[in-house]
Amino acid sequence: MFIVSLNYKVPLTEIDRLQAAHVEWLKACYAEGIFVASGPKKPRTGGIIIARGSRDVLDARLTADPFAKAGAADYDVTEFVARMTAAGLDTFREA
């Protein structure tokens, strides 16, 4: 699994302008089964995405994000092995 930390590089007015397209991109990644959870940081300096699958596929999807295409965010990807999960999240546990 992966934790993706987005950090905005532009004013929030620019992020807001790109937000609708970013949400559509998120929905497509959820539909593909790549994303598990996502949301904005507090304070609103970026966002967090929890993803699964291969790193190559994730990297390809991240480059397609409207924020990335506009140069509006940087992405820091951390891979980890989910050895333990809360009740109900067993499908995300890895060997």
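Since the model is a prediction, treat every value here as computed from it, not as a measurement.

Rules used throughout
- For every chain, the first residue of its written sequence is number 1, and the numbers climb from 1 along that sequence.
- The predicted origin of the model limits local features to residues at a pLDDT of at least 70 and limits the giving and counting of side-chain atom pairs to 80 or more, whereas totals for whole chains, interfaces and linings rest on all residues.
- Calculation of side-chain values draws on the structure's entire complement of heavy atoms; hydrogens and water are dropped beforehand.
- Going along the chain from the N terminus, every DSSP run of H or I of four or more residues is numbered as a helix, and every run of E of two or more is numbered as a strand.
- Only protein chains enter the accessibility calculation, which uses a 1.4 Å probe; a residue is then buried when its area is under 20% of its type maximum, exposed when over 50%, and partly exposed in between.
- By nonpolar core is meant a set of buried Ala, Val, Leu, Ile, Met, Phe, Trp, Tyr and Cys residues that side-chain atoms within 4.5 Å join together.
- Contact definition: two residues touch when any of their heavy atoms are within 4.5 Å.
- Two aromatic rings from Phe, Tyr or Trp, using only the six-membered ring of Trp, form a pair when their centres are within 6.5 Å; if the ring planes differ by under 30 degrees the pair is stacked, by over 60 it is edge-to-face, and anything between is tilted.
- UniProt positions are given in the numbering used here, feature names are shortened, and annotations may be inferred rather than shown by experiment.
- The pairing criterion is simple: DSSP has to find at least two bridges between the two strands.
- Orientation is described by lines fitted to C-alpha atoms, with helices fitted over the stretch in contact, and by angles between N-to-C directions that extend from 0 to 180 degrees.

A. Here's a closer look at the environment of Ala21. Along the polypeptide, Ala21 turns up in helix H1 (residues 12–31). Residue Ala21 is classed as partly exposed on the basis of its relative accessible area of 39%. Measuring from C-alpha to C-alpha, the distance between Ala21 and Lys41 comes to 19 Å, with 20 residues separating the pair along the chain.

B. Here's a closer look at the nonpolar core. Among the nonpolar cores identified, the biggest contains 19 residues, and Val4, Trp25, Phe35, Ile49, Ala51, Leu58 and Phe67 are the most heavily contacted of them. When contributions to this core are tallied by element, the ones reaching two or more residues are strand S1 (2–8), H1, strand S3 (46–51), helix H2 (55–63) and strand S4 (73–79). The leading source of residues in this core is H1, at five residues. Those residues in contact with Phe67, other than ones at most four positions away along the chain, are Leu6, Tyr8, Ile15, Leu18, Gln19, His22, Ala72, Ala73 and Tyr75.

C. Here's a closer look at the packing of aromatic side chains. Summed over all chains, the structure comprises three aromatic pairs. Summarising the aromatic geometry, the rings of Trp25 and Phe35 are spaced 5.4 Å apart at their centres and angled 75° between planes, so their arrangement reads as edge-to-face. Here Trp25, found in helix H1, pairs with Phe35, found in strand S2 (residues 35–40); they are 10 residues apart in sequence, far enough to count as distant. One exposure class covers both Trp25 and Phe35, and it is buried. Pairwise contacts between aromatic rings join Trp25, Tyr30 and Phe35 into one cluster.

D. The UniProt feature "domain: YCII-related" (unreviewed entry) in the protein, seen in detail. In the numbering adopted here, UniProt assigns the feature "domain: YCII-related" (unreviewed entry) to residues 1–80. Along residues 1–80, the helical share is 41% and the strand share 32%, with 5 Å between the first and last C-alpha atoms.

E. Structural context of the environment of Arg61. With respect to the element layout, Arg61 can be found in helix H2. As a C-alpha pair, Arg61 and Trp25 span 36 residues in sequence and 8.7 Å in three-dimensional space. Discounting residues that sit within four places of it in the chain, Arg61 has contacts with Trp25, Cys29, Glu32 and Ile34.

F. Seen up close, the sheet that holds S3. In space, the four strands of this open sheet follow the order S2-S3-S1-S4, with antiparallel pairing throughout. The sheet terminates laterally at S2 and S4, the two strands that pair on one side only. On average, each strand axis in the sheet is inclined to that of its neighbour by 15°, with strand direction left out of account. Pairing of S1 with S3 involves six bridges; the strand directions are antiparallel. Within S3, the position partnered with Asn7 by the bridge is Gly46.

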